[in-house]
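The primary structure of each chain is shown beneath.
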Amino acid sequence: MNMDKIRIKDKVFRRYISKAEIARTVKRLAQRIQEDLKGEQPLFIVMLNGAFVFAADLLRAMEGPCEIDFMRMKSYEGTSTTGKVDLLQPLHSDVKGRTVIVVEDIVDSGTTMWTLLHYLEPYKPKCVKIAALLLKPKALRHDIKVDYVAFEIPDDFVVGYGLDYDERGRNLKDIYTLTEEEQTDK
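Residues numbered from 1 in each chain as written. Predicted model: local features only at pLDDT ≥ 70, side-chain atom pairs only at ≥ 80, totals over all residues. Heavy atoms only, no water.

*Asks:* Would you mind going over the environment of K173 with me for this structure?
*Replies:* Mapped onto the elements, K173 comes out in the loop between β9 (158–159) and β10 (175–178). Among the residues examined, K173 registers a relative accessible area of 56% and is labelled exposed. In this structure the C-alpha to C-alpha distance between K173 and G160, which are 13 residues apart in sequence, comes to 6.3 Å. In this structure K173 touches K19, I22 and Y161, once residues within four positions along its chain are discounted. (Helix = DSSP H or I, 4+ residues; strand = E, 2+ residues; numbered from the N terminus. Buried < 20%, exposed > 50% of the residue type's maximum accessible area, 1.4 Å probe, protein only. Contact = heavy atoms within 4.5 Å.)

Next comes the structure, spelled out in structure tokens:
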């Protein structure tokens with residue numbers, strides 16, 4: 001079956017990043033994190049729902065001890081951000097004095113990450129680093145540092161590899177972007 005273009009609900013998407021390219025890049029990212037954190041046992045906080053696929057592959061590529069916890073925040077409806085962040089599932093682990101790596105599917109406006117960093121501050125982690133599958137540098141509205149980035153992309157809407165369009169498309173192995181016709185209709 002040709003998966004160069006797919007339809008999800010009312011939108012058509014084209015393949016943008018292949019599963020092979022994602023796998024190579026995620027493995028390299030895991031190696032960088034490992035080198036930077038030698039001798040530490042970091043706590044990975046995975047942002048649900050979107051980052052679960054990325055986190056699974058990233059953590060399987062890591063060697064050495066680490067812990068994992070999950071949080072869920074929501075700031076999207078359809079294909080656009082609401083500008084408001086809701087905490088749907090809080091953190092359960094103690095982060096005091098710990099090296100924390102937040103694993104996120106995509107950082108675009110940065111509003112969710114900015115909110116999360118302020119949420120973690122009173123718990124006094126040793127340091128907080130961000131690992132993102134995708135970064136949209138031109139869409140950033142907050143001064144945040146994303147320490148580990150798999151791919152920088154334009155300010156386009158994407159699905160697949162955990163990312164969704166109205167909860168659909170997360171299971172796609174590749175990453176897809178809206179076709180040019182759909183981009184002009186946004």
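Alright, that's what it looks like, and here's the rest.
*Asks:* For this particular structure, what's the right way to read the packing of aromatic side chains?
*Replies:* The description of an aromatic ring pair rests on the distance of the ring centres and on the angle between the ring planes. The full count for this structure, using the stated rule, is four aromatic pairs. With a centroid separation of 6.0 Å and an interplanar angle of 80 degrees, the aromatic rings of F157 and Y165 are classed as edge-to-face. Exposure remark for F157: the relative accessible area of 6% places this residue in the buried category. Grouping aromatic residues by their ring pairs yields a cluster made of F13, F157 and Y165. The side chain of K9 reaches across the aromatic face of Y165, ending 5.5 Å from its centre. (Phe/Tyr/Trp six-rings, centres within 6.5 Å; stacked < 30°, edge-to-face > 60°. Lys NZ or Arg CZ within 6 Å of the ring centre and 35° of its normal.)

*Asks:* Even after reading the chapter, I still don't get helix α1 (residues 19–36), so can you show me in this structure?
*Replies:* A rise of 1.5 Å per residue sets the reference length of α1, with its 18 residues, at 26 Å; its end C-alpha atoms lie 26 Å apart and thus fit the reference within 8%. All of the buried residues along α1 are I22, T25, V26, L29, A30 and I33. Projected down its long axis, α1 carries its buried residues within an arc of 145 degrees, all on one side. (Expected span 1.5 Å × (residues − 1). Arc of directions from axis to C-beta.)

So far we have only geometry, and geometry alone does not tell us how the molecule works.
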